Amino acid sequence: MARERISLKSNSDIIAMREAGLITAHALAAVKAAIKPGVSTLELDAIAESTIRSFGASSNFKLVGGYHHTICSSINDEVVHGIPSIDRVLVAGDIISVDCGAITPAGWNGDAAFSMVVPGGDPEIMASRQALSDACEASLWAGMAALATAKRLNEVGRAVEKTIRKHGRYGILQDYIGHGVGRSMHEDPAVFNYQTRDLGPVVESGLVIAIEPMITGGKEQVKILSDDWTVSTKDGSDGAHWEHTVARHKDGIWVLTAEDGGLAGLAPHGIIPVPLNP
Ligand code: MG
Ligand code: MG
């Protein structure tokens, strides 16, 4: 594996990154509140954009070459990188994954995502989609809990994979993985969602990463649609995607894109997040 260049963050860097994380969290909360049948993904995109701007920050997705939106919105068999459109209108029972990020004027990034089932659909289909989302979310929190004590980074991927396997026969995307976050939205190191032979880099204080499991209700194989962005399952099964930006510092971990810093999500793992004070 090629040697990675990991830029470790100081405590004051992490405190500055919390601002980017919280703005990202607020944008996603506003989108989540607006999700209902009949809403287009372009409307959700506008809500994320105006929320980020209202805090004086900007969309970092728009800084990605060739991408012109604030969120990615991926519905049903789409797993990630779906493009918002006025023509994509949510239907009761759809599963939608929304990915979003903010960059502050100081130049720090946040990156987070959630999946949700649109209310009011067929109960059986909704239950299986909710189970898929729950498995993905549980694996994210297990990965973050692992980061709290990890000596090598792939302890995160091992915990993510183990949790997904425990929940059912789901596919884990192989070519789409988490990453470092900082002055760029995507930095080293690679953060796998599965066990790898290489244990990965040594986990040091100042490591800030996005952990983002992407799973399917069937097989792991995906294809890119003709829009050159949307990643959808080959077998037509549903996709789910959950993500948080999390910092490991000398006193513990802090989930920068969770409004409560990760308190509720980490509690079942016996981990208490440790916020840093300015
Ligand atoms: Mg993301
Ligand atoms: Mg990411």
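Details of the structure are given in the entry above.
Below you will find a few notes about this structure. (Residues numbered from 1 in each chain as written. Chains lettered and ligands numbered in written order. Predicted model: local features only at pLDDT ≥ 70, side-chain atom pairs only at ≥ 80, totals over all residues. Heavy atoms only, no water.)

### What to know about the pattern of salt bridges
So, point 1. This model, assessed by the stated rule, comprises seven salt bridges.
So, point 2. For K9, the salt bridge goes to E187, with nearest N and O atoms at 2.7 Å. One end of the pair, K9, is in the segment before α1 (11-34); the other, E187, is in strand β9 (residues 187-191), with 178 residues separating them in the sequence.
So, point 3. When its relative accessible area of 8% is taken as the criterion, K9 is described as buried.
So, point 4. A relative accessible area of 17% means that E187 is categorised as buried.
So, point 5. In this structure, the salt-bridge partner of D238 is R129, at a minimum N-O distance of 3.0 Å. (Salt bridge = Lys/Arg side-chain N within 4 Å of Asp/Glu carboxyl O. Helix = DSSP H or I, 4+ residues; strand = E, 2+ residues; numbered from the N terminus. Buried < 20%, exposed > 50% of the residue type's maximum accessible area, 1.4 Å probe, protein only.)

### Remarks on the packing of aromatic side chains
Aromatic ring pairs are defined here through the distance separating the ring centres and the angle between the ring planes.
So, point 1. Summed over all chains, the structure comprises four aromatic pairs.
So, point 2. When the centroid spacing of 6.5 Å and the interplanar angle of 70° are considered together, the rings of F61 and Y67 count as edge-to-face.
So, point 3. Accessibility expressed as a relative area gives 5% for F61, which makes it buried.
So, point 4. Judged by relative accessible area, Y67 falls into the buried class, the value being 4%.
So, point 5. Consider the rings of F192 and Y194, whose centres lie 5.6 Å apart with planes at 55°: the pair is tilted.
So, point 6. Three or more aromatic residues link up through ring pairs in this structure, and these residues are F61, Y67 and W229.
So, point 7. Of note, K32 hangs over the ring of F114, and the distance from its end group to the ring centre comes to 4.6 Å.
So, point 8. A cation over a ring is seen here: R183 above W108, with NZ or CZ 4.1 Å from the ring centre. (Phe/Tyr/Trp six-rings, centres within 6.5 Å; stacked < 30°, edge-to-face > 60°. Lys NZ or Arg CZ within 6 Å of the ring centre and 35° of its normal.)

### Some details on the side chain of T163
So, point 1. Positionally, T163 belongs in helix α4 (residues 154-167).
So, point 2. Overall, the relative accessible area of 9% leaves T163 in the buried class.
So, point 3. If we skip the residues at most four places from it in the chain, T163 touches A138, S139 and A142. (Contact = heavy atoms within 4.5 Å.)

### Describing the coordination of the magnesium ion (ligand 2)
So, point 1. The protein atoms donating to the magnesium ion (ligand 2) are D111 (OD), H179 (NE2), E212 (OE) and E243 (OE), with metal-donor distances spanning 2.1 to 2.2 Å.
So, point 2. Mapping the donors of the magnesium ion (ligand 2) onto the primary sequence gives the spacing D-x67-H-x32-E-x30-E.
So, point 3. Taken as an interatomic distance, the gap from the magnesium ion (ligand 2) to the magnesium ion (ligand 1) is 3.2 Å; D111 donates to each of them. With E212 in the loop between β10 (207-211) and β11 (214-216) and E243 in the loop between β14 (239-241) and β15 (244-249), this pair connects stretches of sequence that are 31 residues apart. (Donors = N, O, S within 2.8 Å, 3.2 Å for Na, K, Ca; no water.)

### Some words on the coordination of the magnesium ion (ligand 1)
So, point 1. Protein coordination of the magnesium ion (ligand 1) is provided by D99 (OD), D99 (OD), D111 (OD) and E243 (OE), with donor distances spanning 2.0 to 2.6 Å.
So, point 2. Taken in sequence order, the residues that donate to the magnesium ion (ligand 1) follow the motif D-x11-D-x131-E.
So, point 3. Residue D99 is classed as buried on the basis of its relative accessible area of 8%.
So, point 4. Judged by its relative accessible area of 2%, D111 is buried.

### Focus: the sheet that holds strand β13 (residues 231-233)
So, point 1. Taking strand neighbours across the sheet as the criterion, the three strands line up as β3-β13-β12 in an open arrangement whose pairing is antiparallel. Each having just a single partner strand, β3 (78-80) and β12 (222-224) make up the two edges of the open sheet. In this sheet, adjacent strand axes meet at a mean angle of 40° when their direction is disregarded.
So, point 2. As paired elements, β12 and β13 share three bridges and run antiparallel to each other. Its bridge partner being in β13, V222 is matched across the sheet by T233. (Pairing = 2+ DSSP bridges. Axes fitted to C-alpha atoms, helices over the stretch in contact; angles between N-to-C directions.)

### As for the state of the cysteines
So, point 1. Taken as a whole, this structure holds zero disulfides when the rule is applied.
So, point 2. Left unpaired, C72 is separated from the closest cysteine sulfur, that of C100, by 9.2 Å. (Disulfide = S-S within 2.5 Å.)

### Observations regarding α4
So, point 1. In this model α4 runs 20 Å from its N-terminal to its C-terminal C-alpha over 14 residues, within 8% of the 20 Å that 1.5 Å per residue would give.
So, point 2. Turning to α4, its buried residues number three or more, namely N154, V156, G157, A159, V160, E161, T163 and I164.
So, point 3. Those residues of α4 that are buried are in contact with α3 (123-149), β7 (171-172), β9, β10 and β11.
So, point 4. Following α4 by one or two positions, G168 has its phi on the positive side, about 160°. (Expected span 1.5 Å × (residues − 1).)

### Observations regarding the environment of G121
So, point 1. Tracing the chain through its elements places G121 in the loop between β6 (112-117) and α3.
So, point 2. Residues G121 and D94, spaced 27 residues apart in sequence, show a C-alpha to C-alpha distance of 7.6 Å.
So, point 3. If sequence neighbours within four positions are ignored, G121 has contacts with A92, G93 and M126.

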